[in-house]
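Letter by letter, the chains look like this.
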Amino acid sequence: MKFSAERARWVRREQWHPQQEGRDEADGGYVLSVPYSDDRELLGDVLRFGEDVEVVGPGELRTTRVQRALLASAARYA
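Residues numbered from 1 in each chain as written. Predicted model: local features only at pLDDT ≥ 70, side-chain atom pairs only at ≥ 80, totals over all residues. Heavy atoms only, no water.

S.K.: Help me understand the overall build of the chain, please; the structure alone is not making it clear to me.
M.R.: A tally of helices and strands in the chain yields 3 helices and 4 strands. Traced from its N-terminal end to its C-terminal end, the chain shows the element sequence β-α-β-β-α-β-α. With the C-alpha coordinates of the chain rotated into their principal frame, the extents come out at 35 × 25 × 20 Å. Look at the contacts in the chain between residues 6 or more apart in sequence, and 43% of them connect residues 24 or more apart. Of the roughly 5600 Å² of accessible surface on the chain, 46% is carried by carbon and sulfur atoms. Mean positive and mean negative side-chain charge positions of the chain (12 and 14 charges, respectively) differ by 3 Å. (Helix = DSSP H or I, 4+ residues; strand = E, 2+ residues; numbered from the N terminus. Contact = heavy atoms within 4.5 Å. Areas by Shrake-Rupley, 256 points an atom, 1.4 Å probe, with all protein chains shown as cover. Lys, Arg positive; Asp, Glu negative; His and termini not counted. Charge placed at Lys NZ, Arg CZ, Asp CG, Glu CD.)

In structure tokens, the structure reads:
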């Protein structure tokens, strides 16, 4: 997951998982990798950050779970 520079200052201090890995990006963003077995919990965490986060992988989480959830949510307001 890549977080915007605005959100990065809070996310980099959070403990999501004991085996998480994070790195700062040149643009001020923050990339966080966490192992997971159940994408439902991770999906909820991702969605709460809205436009301040981008799931960069794995592909299935990005294009299937997150994309579908966001499109369904947007359809409620369109």
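Still more to cover.
S.K.: When you look at the environment of Glu-25 in this model, what are you seeing that I'm missing?
M.R.: Along the chain, Glu-25 falls in the loop between β2 (21-24) and β3 (30-33). Taking relative accessible area as the criterion, Glu-25 reaches 24% and is therefore assigned partly exposed. Considering only alpha carbons, one finds Glu-25 and Lys-2, 23 residues apart in sequence, at a separation of 9.0 Å. Those residues in contact with Glu-25, other than ones at most four positions away along the chain, are Lys-2, Tyr-30 and Val-31. Here the side chain of Glu-25 touches Arg-23 through a polar contact of 3.0 Å, side chain to side chain. (Buried < 20%, exposed > 50% of the residue type's maximum accessible area, 1.4 Å probe, protein only. Polar contact = N/O pair within 3.5 Å; in protein donor to acceptor, adjacent residues only side chain to side chain.)

S.K.: Even after reading the chapter, I still don't get the confidence of the model for the chain, so can you show me in this structure?
M.R.: Low-pLDDT portions of the prediction should not be read for the details of their coordinates. Per-residue confidence for the chain gives a mean pLDDT of 94, with 100% of residues at or over 70. The secondary-structure element of the chain with the lowest mean pLDDT is helix α2 (residues 39-47), recorded at 90, while strand β1 (residues 2-3) shows the highest, at 98. (pLDDT = per-residue confidence, 0-100.)

S.K.: Quick question: what am I supposed to make of the pairing of β3 here?
M.R.: Note on strand geometry: in a regular strand, side chains alternate between the two faces of the sheet. Bridge analysis of β1 against β3 gives 2 bridges, and the strand direction is antiparallel. Residue pairing across strands places Phe-3 opposite Tyr-30, the latter belonging to β3. Relative to β3, β2 is paired through 4 bridges, and the arrangement is antiparallel. When the sheet's bridge partners are listed, Gly-22 is paired in β3 with Leu-32. Linkage of β2 to β3, two consecutive antiparallel strands, is achieved through a turn of 5 residues, within which Gly-28 is found at a positive phi near 95°. (Pairing = 2+ DSSP bridges.)

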